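# Structural overview
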Amino acid sequence: MATNVILEWRNLNLIIEKREFNFWKCRTNKEEKRILDNVNGSLKSGQLVAILGQSGAGKTTLLAGISQRFRGPLTGQILVNGNEIDRKTMTKISCFVPQFDITIDTLTPNEHLYFMAELKLDRKWTRSRKNQRIDFLLRELGLQHVANNRISTLSGGERKKLNLAADLLTNPPIIFCDEPTTGLDSFNARKVIEALKYLSNINSDTATASTTVESDELDNGYGMELTTTKNQMPAKAIICSIHQPTSQIFECFSHIILMYAGRCVFGGTTDEAFTHFSKLGFDCPAAYNPADFYLKVLSNTTQQEEGQYRNFFENPIEILRRSSHYKRPNVADVERFNVNDYKIRSPFWIEQVWLLMKRSLLNIRRSYREIFIDIAWYLIPFFVMAAIYHETTGRTQESIQDVDGALFIMACEVIFTTCYSIINLYPSLMPILRRETNEHIYSFSAYYVAEVFNVIPVSILRSFAGIAITYYWAGFMSFWLFLKIGITLLIASFASNAYGLFISSLFKIVIMEIASVCDLIFLCLSGIYMNLYSLPYARYFSPFFYTNEALLISFWSNVTQIECPQKYDGNCLKNGTEVLQSLSYNTNASDVWVDYVGLFVLGLIMHLFAYIGIRRNITSVGYY
């Protein structure tokens, strides 16, 4: 493996086409916007580079482009040590620290790094070796004192460092940081940048030390030895976009890149920038923040102030761009890049499922207050139902409608509660899911299966807890019937879980509005509001139909006689079979299994479409 890394980007261009449909003219207006315009640059080990520019200058887009975290029509070349690499390889040899914190707040830094280590490091590593790596990073980044505190209690600077620590587990040679000081006060912002400077080993006597350390702490995560530096860590190549750094923060950077309207107008060391601007007549006053001065020049708003510097030329941007010539780095003395050096044996798929289930369950356990409130609100309707449907035996003509209504409301309560509790889950998890799957920390299929399994305990609790309240108060009084109703509602929970995910995956906006329309259609096909023989096949697409039919068959198939008083003149339903026939349902007791299979298959189909839809949403855009 090459000790030093040289990252180079050549002729990067990004043109985005915007389309707007004009309703009155019945045509689509197309407009092209150039985000990056023929950008060149390079980054080496031991450098800490800042991308400066005004808002909209293309800082974040350039960072996402050269890190290959951007999914779009980006053209140009991205090379490491002279070799052009693809997106997958770039994600293996680099890390991208996003602008906003993307973590599970209920975990502690130790727990967060534990799960990241299990998912990212080679599976041949022992648990003690991984713990050594975690302790080493916590110590190096100054997070030991908060290692067992919840992430939600950490300060902004500590959260930034934790994100950086998670990315450094595999010891990547290249680090990309998007606005690392955003939302931080000047003190914490400086601490974060100083941590990046420490990692880059700026001002070390040599780029690398002459000795090789055979230590688990310094192993690069791929089972290989790395040469060490003064701070006991290999030199990193670090580049970050930053907005209005203070003078103290600016001094931490070794190089800067100035962006204007998608163009690179300067790239070089901070000393070269000062000299270059001075030669062009743009003299930075003493005791003036150089970053503010350069941005002021780029904004073309500089005016004569106290005679310290004169009015600028007609177009200073063009002067800077033409006078700044990009020099390609010399890669002749650097070892050739070998992709095989960065191959690791990731955890098996089933191990990923187990780890993700474990992390999710830990998060659920820490959120017990919210879960308690959720269950309490869920059980309230069942207490109301128990009071309304008290002693509904189903043995009289008057109680037939009561039984049908009680079972139907049970089905609706379970289906609606499960569906709407999950319908907004993935939109809220999309940032962390998009980041971790695109970084190849784990596969999306493993995450999806883990979440499906995690719902099962909650589904069992909801299915049987609600029935336990209503069932005996209603006067049904049969344990076997109680068990069959509970199993029916449990399978219905599985299908409604898939139903909620299906709706949320197809529609990014107006999810609730679309869900209400689908609910109306499915309810009409349940058999309660219309004769199912008028739509003989459409009913098989409704989870309400399968659930309600299974519940009613379970109850009425054992009712052989219903009282028929004289006031009805013989116009009454004499047994459970006639009740089922009046609702256009099947009458055989064995048809319950057909409904179970139908619910399960319908749930699988919806899960399949939900999986495809969510995966499409994750991979459709970048995650910076």
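Residues numbered from 1 in each chain as written. Predicted model: local features only at pLDDT ≥ 70, side-chain atom pairs only at ≥ 80, totals over all residues. Heavy atoms only, no water.

## So, the side chain of Glu158
Counted only if it meets this: Helix numbering and strand numbering both begin at the N terminus, where a helix is a DSSP run of H or I of at least 4 residues and a strand a DSSP run of E of at least 2. We call a residue buried when its accessible area falls under 20% of the maximum for its residue type, exposed when it is over 50%, and partly exposed in between, using a 1.4 Å probe and counting protein chains only. When charges are counted, Lys and Arg are positive and Asp and Glu negative, with His and the chain ends excluded. The term salt bridge refers to a pairing of a side-chain nitrogen on Lys or Arg with a carboxyl oxygen on Asp or Glu at a separation within 4 Å. Should any heavy atoms of two residues lie within 4.5 Å, those residues are considered in contact.
Considering the arrangement of structural elements, one finds Glu158 in helix α5 (residues 156-167). Lys161 provides the closest opposite charge to the buried, unpaired Glu158, separated from it by 7.3 Å. Setting aside anything within four residues of it in sequence, one finds Glu158 in contact with Leu143, His145 and Val146.

## Overview of the packing of helix α3 (residues 109-120) against helix α4 (residues 127-140)
Filter applied, for reference: Orientation is described by axes fitted as lines to C-alpha atoms, over the contacting stretch for helices, and by angles from 0 to 180 degrees between their N-to-C directions. Orientation categories follow fixed angle ranges, with anything under 35 degrees roughly parallel, anything over 145 roughly antiparallel, 65 to 115 roughly perpendicular, and all other angles oblique. For any pair of crossing helices, the crossing counts as left-handed if the nearer helix is rotated counterclockwise from the farther one by less than a right angle, and right-handed if it is rotated clockwise. Gly falls in the polar group here, along with every residue not listed as nonpolar (Ala, Val, Leu, Ile, Met, Phe, Trp, Tyr, Cys, Pro) or charged (Asp, Glu, Lys, Arg).
Their axes nearest at 10 Å, the elements α3 and α4 cross at an angle of 130°. What the angle tells us is that α3 and α4 run oblique. Where α3 crosses over α4, the handedness of that crossing is right-handed. Where α3 approaches α4, its residues Asn110, Leu113, Tyr114, Ala117 and Glu118 are matched on the opposing element by Arg127, Lys130, Ile134 and Leu138. Residues that form the contact of α3 with α4 fall into these classes: five nonpolar, one polar and three charged.

## A short note on the pairing of strand β6 (residues 94-97)
Spelled out, the test is: Strands are labelled as partners when DSSP assigns at least two bridges between them.
Here β6 shows two buried faces, one formed by Ser94 and Phe96 and the other by Cys95 and Val97. Where β6 meets strand β7 (residues 174-178), four bridges bridge the pair, whose relative direction is parallel. Residue pairing across strands places Cys95 opposite Ile175, the latter belonging to β7.

## Here's the deal with the packing of helix α16 (residues 479-506) against helix α17 (residues 511-524)
Remark: α16 packs on α17, axes separated minimally by 9 Å, with the N-to-C direction vectors making an angle of 135°. Judged by the inter-axis angle, α16 sits oblique to α17. For the crossing formed where α16 meets α17, the hand is right-handed. Counting all contacts with α16, which are made through Tyr499, Ile503 and Ser504, the residues of α17 involved are Ile511, Ala515, Cys518, Asp519 and Phe522. Per-class residue counts for the contact of α16 with α17 are six nonpolar, one polar and one charged.

## Let's talk about the pattern of salt bridges
Note that side chains of opposite charge can pair when their charged atoms are close. A full pass over the atoms with the stated rule returns 13 salt bridges. In this structure, Lys130 engages Glu118 in a salt bridge whose closest nitrogen and oxygen atoms are separated by 3.3 Å. Residue Lys130 is found in helix α4, and its partner Glu118 is found in helix α3; the two are separated by 12 residues along the sequence. The closest approach of N and O atoms between Lys120 and Asp167, which form a salt bridge, is 3.8 Å. Here Lys120 is found in helix α3, whereas its partner Asp167 is found in helix α5, with 47 residues between them in sequence. The exposure class assigned to Lys120 is buried, which follows from its relative accessible area of 13%. Residue Asp167 is classed as buried on the basis of its relative accessible area of 6%.

## Observations regarding the state of the cysteines
Rules: Note on terminology: disulfide denotes any pair of cysteine sulfur atoms within 2.5 Å.
One pass over the full model with this rule turns up one disulfide. Each sulfur of the disulfide joining Cys564 and Cys572 lies 1.7 Å from the other. Because the sign of the S-S torsion sets the handedness, a value of about -110° for the bond joining Cys564 and Cys572 places this disulfide among the left-handed ones. Here Cys177 is not disulfide-linked; the sulfur of Cys240 is the nearest cysteine sulfur, at 5.7 Å. Residue classification places Cys177 among the buried residues on the basis of a relative accessible area of 2%.

## Considering the packing of aromatic side chains
Selection rule: When the centres of two rings from Phe, Tyr and Trp lie within 6.5 Å, Trp using its six-membered ring, the rings pair. Their planes under 30 degrees apart give stacked, over 60 give edge-to-face, and anything left gives tilted. Only when the NZ of Lys or the CZ of Arg is both within 6 Å of the ring centre and within 35 degrees of the ring normal is a charge said to sit over the ring.
Across all of its chains, the model carries 26 aromatic pairs by this definition. Clustering of aromatic rings is evident, with ring pairs tying together Phe250, Phe266, Phe277, Phe282, Tyr288, Phe293 and Tyr294. The lysine or arginine in question, Arg462, covers the ring of Tyr378, its NZ or CZ lying 5.7 Å from the ring centre.

## Some remarks on the confidence of the model for the chain
Selection rule: pLDDT: the predictor's confidence for each residue, scored from 0 to 100.
On average, residues of the chain score 80 in pLDDT, and 83% of them are at 70 or above. Low pLDDT, under 50, characterises residues 301-314; the predicted model gives this stretch 25 contacts beyond four residues in sequence or across chains.

## Section: α5
The cut-off we apply is this: Residue count minus one, scaled by 1.5 Å, sets the expected span of a helix.
The first and last C-alpha atoms of α5 sit 17 Å apart over 12 residues, in line with the 16 Å expected at 1.5 Å per residue. The buried fraction of α5 amounts to 11 of the 12 residues, a majority that puts the element mostly inside the structure. Among all positions in α5, only Gly157, Glu158, Arg159, Lys160, Lys161, Leu162, Asn163, Leu164, Ala165, Ala166 and Asp167 are buried. On its buried side, α5 packs onto β6, α3, α4, β7, α6 (186-200) and α14 (425-438).

## Regarding unusual backbone geometry
Backbone geometry places Asn38, a non-glycine residue, at a positive phi of 50°. Tracing the backbone shows Asn38 in strand β2 (residues 27-44). Overall, the relative accessible area of 41% leaves Asn38 in the partly exposed class. With a phi close to 55°, Asn81 is a non-glycine residue in the positive phi region. Mapped onto the elements of the fold, Asn81 is located in the loop between β4 (74-80) and β5 (83-84).

## Focus on the sheet that holds strand β11 (residues 255-260)
The six strands lie next to each other as β6-β7-β10-β3-β11-β12, forming an open sheet whose pairing is mixed. Taken across any chain shown, the strands that pair with only one partner, and hence form the sheet edges, are β6 and β12 (263-269). Strand after strand, the sheet turns through a mean of 15° between neighbouring axes, direction not considered. Bridge count between β7 and strand β10 (residues 237-241): five bridges; the pairing is parallel. In the strand pairing of β10, Phe176 is matched with Ile239. With respect to the sheet, helix α8 (residues 270-279) is in contact with β11 and β12, its orientation differing from that of β12 by roughly 120°.

## A short note on the side chain of Asp122
Basically, it comes down to this: For the purposes of these results, a polar contact is taken to be a pair of N or O atoms within 3.5 Å, where, inside protein, one atom must be able to donate a hydrogen and its partner to accept one; residues adjacent in sequence count only when each atom of the pair is a side-chain atom.
When you line up the elements, Asp122 lands in the loop between α3 and α4. Exposure remark for Asp122: the relative accessible area of 4% places this residue in the buried category. From its side chain, Asp122 meets the backbone nitrogen of Lys124 in a polar contact 3.0 Å long.

## Comments concerning a nonpolar patch on the surface
We apply this condition: Candidates for patches are residues over 30% relative accessible area with no salt bridge; among them, like charges are joined within 9 Å and nonpolar side chains (Val, Leu, Ile, Met, Phe, Trp, Tyr) within 5 Å. Under the convention used here, a 1.4 Å probe and the Shrake-Rupley method define accessible areas, while residue burial counts only the protein chains that appear.
Taken together, the side chains of Phe372, Ile373, Trp377, Ile380, Val384 and Ile388 make up a nonpolar region of the molecular surface, amounting to roughly 690 Å² of accessible area. Looking at the element boundaries, Phe372 is found in helix α12 (residues 368-388). A relative accessible area of 62% means that Phe372 is categorised as exposed.

## Comments concerning the environment of Ser504
Checked against the element boundaries, Ser504 lands in helix α16. As a C-alpha pair, Ser504 and Asn424 span 80 residues in sequence and 6.9 Å in three-dimensional space. The contact partners of Ser504, leaving out residues within four places of it in the chain, are Ile423, Pro427 and Ile511. Within the structure, the side chain of Ser504 is placed 3.0 Å from the backbone oxygen of Leu501, a separation counted as a polar contact.

## A few points about the nonpolar core
For clarity, the cut-off: By nonpolar core is meant a set of buried Ala, Val, Leu, Ile, Met, Phe, Trp, Tyr and Cys residues that side-chain atoms within 4.5 Å join together.
Ranked by internal contacts, the top residues of the largest apolar core, which has 85 residues, are Ile256 and Leu258. The biggest single contributor to this core is helix α15 (residues 444-470), with seven residues. Apart from the residues lying within four places of it in its own chain, the contact partners of Leu258 are Leu52, Arg263, Cys264, Val265, Phe266, Phe277, Tyr294 and Leu298. Ranked by size, the runner-up nonpolar core spans 57 residues in total, among them Val414, Cys419, Ile423 and Ile469.

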